[in-house]
Structure formats: C-alpha cells, structure tokens
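# Fold and geometry: a report
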Amino acid sequence: MDVHAFFEALWADFVTVAPAAASIRQALVDAGETVVNDHVAFRTLDRGAIRLDALEQPLLALGYERLAPYAFPDKHLRAYGYVHPEPGVPKVFLSELLTDKLTARSRALLDGLAHQVDADLVRGPEVFWSGRPWSAPTHTTYQHLLDESEYAGWLAAMGLRANHFTVFVNALSPALRSVEAVLRFAEARGHEANDRGGRVKGAPGVLLEQGSTMADRLPVAFADGDFVVPTCFYEFALRHAQADGSLYPGFVAANADRIFESTNARDRAA
Ligand code: NI
C-alpha cells in the first residue's frame, strides 16, 4: 500500500464516526477552497501488541520517520511526531497511554482489552482503521475508565482509527487563513469549537497555532447496548516559518494537551 492509499482508507473510516468533519470539508470545497491535510492523530496503550513501539512499525514501513517526542505528564501520555520525506504527505501524531500511572483497577481493565489483540493485526497499515481490536466493553467499564482518563475511555470505545484529521490552514485562501477564521466558518455551519485553553491553541512564537471542533457524539455499541459517546473531530493548524524560512514541521505539547480535550463530553469542562 502506498501512503496516498493509506490516507484514503483512513479518511473513509474516519468520516463514518466524524460526519461533522466530512461536512466542514465539503463546505470548504464548496467555497472554492483546496483542503490539504496537515496531520492525523492516533491513540494507543503502552501494552502488548499495540504499544507505540510496535504500532509505529507500519508507519515506518510507509516511509515515515520519527521527528520528535512529546510528553503529557498530567494526562499520563507520551507521543511522537512522524514526518514523511515525500513533500505534501501529511504528518502523523501517535500517542500512547502510560498505564502504569493509572490505578490498579483501570490498569486491569485496559490489560483485559490489550490481551485480546493479536500481534498479526499490527503487521500492516490496515491496523490504523481496524477499530476496536477487542470485544465491546460494557458501558460501566467505559465509564470507569473515562472517570480516570478521558483518553482511556475513548480508546476502549473507539479503538484504533484516526482520532482527528487536520486542515492545513496555510493552504486556505487569505480570508480563511487564520485558525479563528476557520473556527468561525465551522461555527457558522452549526459546529462547536473546542474552547478549552482558549479557542486558538499556540501562537506565532511557538510556530504552530491550532484549533478544533468538539467531537461528534454518536451511538456506539457496548456489550450492554448502544450509548452516545464523543467520537472524532476536525482540527485546524496554521504553521509558521522557522529561522531558515521553512515551516515548523513539529507539534507543540501545550497545544496538543488541550486539543486532546476535544473528545471530552460537553458537560465535563476541563
Ligand atoms: Ni492534531
């Protein structure tokens, strides 16, 4: 599989759980914009066959290279950014939950999920749109995980798939070439912006400004029935030039820390 087919398959899966992103993208296209994808993000656990060091192997096989590590101590996460040598190929942000930082109860619940994952699943890039590689958890398990780690609850319910796609704001026309302008564009079409930590995360000084919608809320099948939960969202990123004139290719931990909260429930203000 080449990297372009990889992103087509990822998007096809993503829009099944992020209809708002599909709608915003279409509205941008209808307005005459060229929508370029800046990056996608994935979540995983530091356990078993899907730990970051294993899950990154299909990305490396597609030609990606690790760029830089990022740490999120308050959320018990670590992450890497990945870049592809071919110009125009989106970046990848892969994070993992540090389960040793959680309570024994949550760790046991997550171990119960991780133990169900077959190592064969991680052999090819299809793992990134495979969804839940474990049997449906109960809503009680989801809620227990969610109470301790929003990230853990989301992962248990949603599994392995793009958590968000990201519009590269630099490629939009001048009237939309700011994160705030794109957020307003989305809001004007009925979508909610993530205002946790401010509407626009970052600033020109850190070379990256980002914003996002709040995740869609859709029915998801749990072992004990369907429940409406936050799914996936759309991000908007504006990159600034480094001293050498090239655009900053990395991520900014302080920005990403609040972008993660785009999957928080609406009534769980951070
Ligand atoms: Ni992102």
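Residues numbered from 1 in each chain as written. Predicted model: local features only at pLDDT ≥ 70, side-chain atom pairs only at ≥ 80, totals over all residues. Heavy atoms only, no water.

Here the focus is the overall build of the protein chain. When you go through the protein chain residue by residue, the secondary structure sums to 9 helices and 10 strands. In terms of overall dimensions, the protein chain is globule-like: its C-alpha atoms have a radius of gyration of 18 Å, near the 18 Å expected for 270 residues. Overall, the protein chain is about 50 × 40 × 30 Å in size when its C-alpha atoms are taken along their principal axes. Within the protein chain, the proportion of its 270 residues that are buried is 54%. Restricting to contacts in the protein chain with at least 6 residues of sequence separation, those with at least 24 account for 68%. (Helix = DSSP H or I, 4+ residues; strand = E, 2+ residues; numbered from the N terminus. Rg over C-alpha atoms; globule rule 2.2 N^0.38 Å. Buried < 20%, exposed > 50% of the residue type's maximum accessible area, 1.4 Å probe, protein only. Contact = heavy atoms within 4.5 Å.)

Our focus in this paragraph is the pairing of strand β4 (residues 91-97). Within a regular beta strand, the side chains point alternately toward one face of the sheet and then the other, so they alternate between its two faces. Among the 7 residues that make up β4, 7 are buried, leaving the element largely enclosed by the rest of the structure. Judged from the 7 bridges that link them, strand β1 (residues 37-45) and β4 form a sheet pairing that is parallel. Across the sheet, residue Thr44 finds its bridge partner in β4, namely Glu96. Pairing of strand β3 (residues 77-83) with β4, which is carried by 6 bridges, proceeds in the antiparallel orientation. Counted as the bridge partner of Tyr82 is Val92 from β4. (Pairing = 2+ DSSP bridges.)

On to the packing of helix α6 (residues 139-148) against helix α7 (residues 150-158). Relative orientation of the contacting elements α6 and α7 amounts to 150°, with a least axis distance of 5 Å. Considering the angle they form, α6 stands roughly antiparallel to α7. Taken together, the residues of α7 that come into contact with α6 (itself represented by Tyr142, Leu145, Leu146 and Glu148) are Glu150, Ala152, Gly153, Trp154, Ala156 and Ala157. Its residues assigned to classes, the contact of α6 with α7 comprises 7 nonpolar, 1 polar and 2 charged. (Axes fitted to C-alpha atoms, helices over the stretch in contact; angles between N-to-C directions. Parallel < 35°, antiparallel > 145°, perpendicular 65-115°, else oblique. Nonpolar A, V, L, I, M, F, W, Y, C, P; charged D, E, K, R; others polar.)

Six octahedrally arranged donors around a metal ideally form angles of 90 or 180 degrees; four tetrahedrally arranged donors ideally form angles of 109.5 degrees. Coordination of the nickel ion by the protein involves His39 (NE2), His164 (NE2) and Glu235 (OE), with metal-donor separations of 2.0 to 2.1 Å. Read N to C, the donor residues that coordinate the nickel ion are spaced as H-x124-H-x70-E. With His164 in strand β5 (residues 164-168) and Glu235 in strand β10 (residues 233-239), this pair connects stretches of sequence that are 71 residues apart. Residue classification places Glu235 among the buried positions, given a relative accessible area of 1%. (Donors = N, O, S within 2.8 Å, 3.2 Å for Na, K, Ca; no water.)

β3 sits mainly inside the fold: 6 of its 7 residues count as buried. Between the end of strand β2 (residues 65-72) and the start of β3, which pair antiparallel, lie 4 residues, with His76 showing a positive phi angle near 60°.

The next subject is the packing of helix α1 (residues 3-17) against helix α2 (residues 19-30). Between α1 and α2, the least distance of the axes is 5 Å, while the angle of their chain directions is 110°. In terms of orientation, α1 lies roughly perpendicular with respect to α2. Judged by residue contacts, Trp11, Phe14, Val15 and Val17 of α1 engage Pro19, Ala21, Ala22 and Arg25 from α2. Here the residues of the contact of α1 with α2 are counted per class, giving 7 nonpolar, no polar and 1 charged.

Counting residues in each nonpolar core, the largest one holds 82 residues, and the members touching the most others are Phe7, Leu10, Phe42, Tyr64 and Phe93. Looking at which element gives the most residues to this core, the answer is α7, with 7 residues. Those residues in contact with Phe42, other than ones at most four positions away along the chain, are Phe6, Leu10, Val92, Phe93, Leu94, Ser95, Phe128, Arg161 and Ala162. (Core = buried A, V, L, I, M, F, W, Y, C linked by side-chain atoms within 4.5 Å.)

This part covers the side chain of Glu96. If you trace the backbone, Glu96 turns up in strand β4. Separated by 2.6 Å, the side chains of Glu96 and Arg78 make a polar contact. Excluding its chain neighbours within four sequence positions, the residues that come into contact with Glu96 are Thr44, Leu45, Asp46, Arg51, Leu52, His76, Leu77, Arg78 and Tyr151. (Polar contact = N/O pair within 3.5 Å; in protein donor to acceptor, adjacent residues only side chain to side chain.)

Here we come to the packing of aromatic side chains. In this description, an aromatic ring pair is defined by two values, namely the gap between the centres and the angle between the planes. Following the criterion strictly, the structure yields 19 aromatic pairs and no others. A ring pair is formed by Phe6 and Phe7, whose centres lie 5.1 Å apart and whose planes are at 80°; its orientation type is edge-to-face. Per residue, the accessibility class of Phe6 equals that of Phe7, and both read buried. Look at Phe72 and Phe93: their rings are 6.2 Å apart centre to centre, the planes differ by 75°, and that puts the pair in the edge-to-face class. With Phe72 in strand β2 and Phe93 in strand β4, this pair connects stretches of sequence that are 21 residues apart. Comparing Phe72 with Phe93 shows no difference in burial state: the two are buried. Put simply, the rings of Tyr70, Phe72, Phe93, Tyr151, Phe251 and Phe260 touch in pairs and so form one group of aromatic residues. Here Arg25 stacks its cationic end above the ring of Trp11, 5.9 Å away from the centre of that ring. (Phe/Tyr/Trp six-rings, centres within 6.5 Å; stacked < 30°, edge-to-face > 60°. Lys NZ or Arg CZ within 6 Å of the ring centre and 35° of its normal.)

With that settled, consider the sheet that holds strand β7 (residues 208-212). Here we have 8 strands laid out as an open sheet, ordered β2-β3-β4-β1-β5-β10-β7-β6, and mixed in their pairing. Among the strands making up the open sheet, the edge pair consists of β2 and β6 (201-203). Sheet twist, expressed as the mean angle between neighbouring strand axes with direction ignored, is 25°. Relative to β10, β7 runs antiparallel, the two sharing 5 bridges. When the bridges of β10 are listed, Gln210 appears paired with Ala237.

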